[in-house]
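Breakdown of the fold
Letter by letter, the chains look like this.
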Amino acid sequence: MNIRKSYLYALLGLAVIGILWRWNQQRALDDEASSAQENRTQAGSPANQPLPSRPSTSAKGSPATDAGTLALDRIVAQARLGDARSSEAVIQLPSADALRRFLERAPGSGLTILDRIDALGSVRVRLDSPESLNAALQQIGVDPGEVSANFLVWAPGLPPPEVRGPQVEVPFGDGVLQYLGAGTGRETWGQGIVIAILDSGIVDDPTFGNGRIRPLDVGFGIVAGDGHGTAVASLAAGAASDAEGIAPAATLLSVRVTDDSGTSDHFTLARAIVAAVDAGASIVNISMGGYQPSAVLAAAVDYAGANGAFVVASAGNDQAAQLTWPAALQPVVSVGAVDALGQQVSFSNSGASLDITAPGYGVNAAWTEGNRVSLSGTSASAPIVSGAIAAIMSQSPWLTAADAWQVLRDHVSEGGPIGADASFGAGILNVGSAISREDSTYADTAVASQYFEPATQSIGIVVQNRGNQPVTGLRLRVDFGGAASSYPIGVLGKGASALVRIPMAQVPAAANGTITLLSVLENPAGLEDANPGNNRRAGSLLLPGTP
């Protein structure tokens, strides 16, 4: 009995030691990331100053993680799993001087240099085995912590889907601009602004007119066989009535980053971001992603910011409770998808760091050979936000891309409950409100959302004042299949929202768990509402547990 107890105590002691060791290791990594964050400087610094590198590999709102700290044998293992390019590694050097020394010593080390990005201090190498790489790094004097796999974008091994309730989703078709309040008078939106589309390349199409597409080759040629890049570009800056974008006067920088299989990798994305920024892009749109962070991709995003450019990326289409990279990076604007009813689309990734949502379900877009398609995904949502940033910049030329994004963020429509949340970010893109922000007479009241609230067992209906003046005397009428009630709203300030909560005890019994309702917001007499259509919302709520 005593022997058994001693054995158990010994195991317990080893477990405690293991936990303490892991805690110390993580604290050391966090300290290193924090120190690097404080010392980060722009590319092109003096030789011994740090280049843009590892600090931004942490996801928004999460502890710092550094892909470069992976053990070298895991680099090969990840390639075998399909998460990274086979027999490749990416080395992120901390300074221009370190990069120079590496390039001088590499030829005699046995490493084969495939590519490099001097502005980031990044080198892409081919390796035969982790052992040979380790020996070469020791010979050159490189810290293994500066080495990572060259992760794929849209790599397999997706996270499990988030549990979500059922809902009926409605496509947009050609109704995106009307939904966003971006109607007529858009001819000059985006003029003088360059939007880089990092994708499969953009093919010529009447929606782009003449001379608005500038190709930029970063190693994969100009265009691939599919039309994904063309569709994305049309949503940002299309001009034809059957493939309209937000900023029809913007210049499009077409940067193909995918191989023939439609796959890209972190090093290629990083190279393309740097090249696009150097070519004059103010906005870089990336409608793709993967589930691994890396120092080289983070450094490229930092480079864009340091040079006045802004990166916008899709959040992912896997119904996951986390964002893909690069959308998960702190400086990147991450975009989720909603349908024509303003609902988070079932496939759209969510997370506390989601920035905004935009149309992304059944959106009409251009394709190859002059065709038109119905596109669904956060791939569609991201370029709509990119186009909106370009539109704000062109209408207010004194604003930077970061300034224009802040304007859009400050004028979103509510989605779901009031305030920012994991499903909608700050809210749903509202171009009309943002464009009209200087017009003191602009008025727009709306029924923003309606949803079932499990915690209070009630129906929540959010009304919002999206105009530029306070509104008094609003009244909400709610009809549950013939049983109607009316609720006074009172004074609703500029940009303010109010919640009307209706207990389930006051809601007529639902058939098969489905509640059908119609919410109508009645304006006071004399109010000239710019978008009266959004004062009425009909829909069906499927309660949890409905088959």
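Conventions we followed
- Residues numbered from 1 in each chain as written.
- Predicted model: local features only at pLDDT ≥ 70, side-chain atom pairs only at ≥ 80, totals over all residues.
- Heavy atoms only, no water.
- Helix = DSSP H or I, 4+ residues; strand = E, 2+ residues; numbered from the N terminus.
- Buried < 20%, exposed > 50% of the residue type's maximum accessible area, 1.4 Å probe, protein only.
- Contact = heavy atoms within 4.5 Å.
- Areas by Shrake-Rupley, 256 points an atom, 1.4 Å probe, with all protein chains shown as cover.
- Pairing = 2+ DSSP bridges.
- Salt bridge = Lys/Arg side-chain N within 4 Å of Asp/Glu carboxyl O.
- Core = buried A, V, L, I, M, F, W, Y, C linked by side-chain atoms within 4.5 Å.

**Considerations on the overall build of the chain**
For the chain, the helix and strand inventory stands at 11 helices and 24 strands. Of all 547 residues assigned to the chain, the portion counted as buried reaches 53%. Across the chain, the fraction of contacts at a sequence separation of at least 24, relative to all contacts at a separation of at least 6, is 73%. Within the structure as shown, the chain displays about 22,800 Å² of accessible surface, and the carbon and sulfur contribution to it stands at 52%.

**Description of the pairing of strand E2 (residues 112-117)**
Pairing between E2 and strand E3 (residues 122-126): 5 bridges, direction antiparallel. The partner of threonine 112 across the bridge, within E3, is arginine 126.

**Observations concerning the pattern of salt bridges**
Side-chain pairs of opposite charge can arise whenever the charged atoms involved come near each other. Under the defined criterion, the tally for this structure stands at 15 salt bridges. A salt bridge links arginine 85 to aspartate 259; the nearest nitrogen and oxygen atoms lie 3.3 Å apart. Here arginine 85 is found in the loop between helix H2 (72-81) and strand E1 (88-92), whereas its partner aspartate 259 is found in the loop between strand E10 (251-256) and strand E11 (264-265), with 174 residues between them in sequence. Considered together, arginine 85 and aspartate 259 belong to a single accessibility category, that of buried residues. A salt bridge links arginine 372 to aspartate 242, with the shortest nitrogen-to-oxygen separation between them at 3.2 Å. With arginine 372 in strand E17 (residues 372-375) and aspartate 242 in the loop between strand E8 (239-240) and strand E9 (243-244), the pair connects residues that are 130 residues apart, well separated along the chain.

**A word on the nonpolar core**
Of all hydrophobic cores here, the largest spans 53 residues; its most connected members are Val385, Ile389 and Leu429. Per-element accounting of this core gives the leading share, 10 residues, to helix H9 (residues 378-395). Discounting chain neighbours no more than four positions away, the residues touching leucine 429 are Leu180, Ile356, Thr357, Ala358, Ile384, Val385, Ala388 and Leu408. Within the second largest apolar cluster, 42 residues are counted, among which are Leu120, Val218, Ala315 and Leu323.

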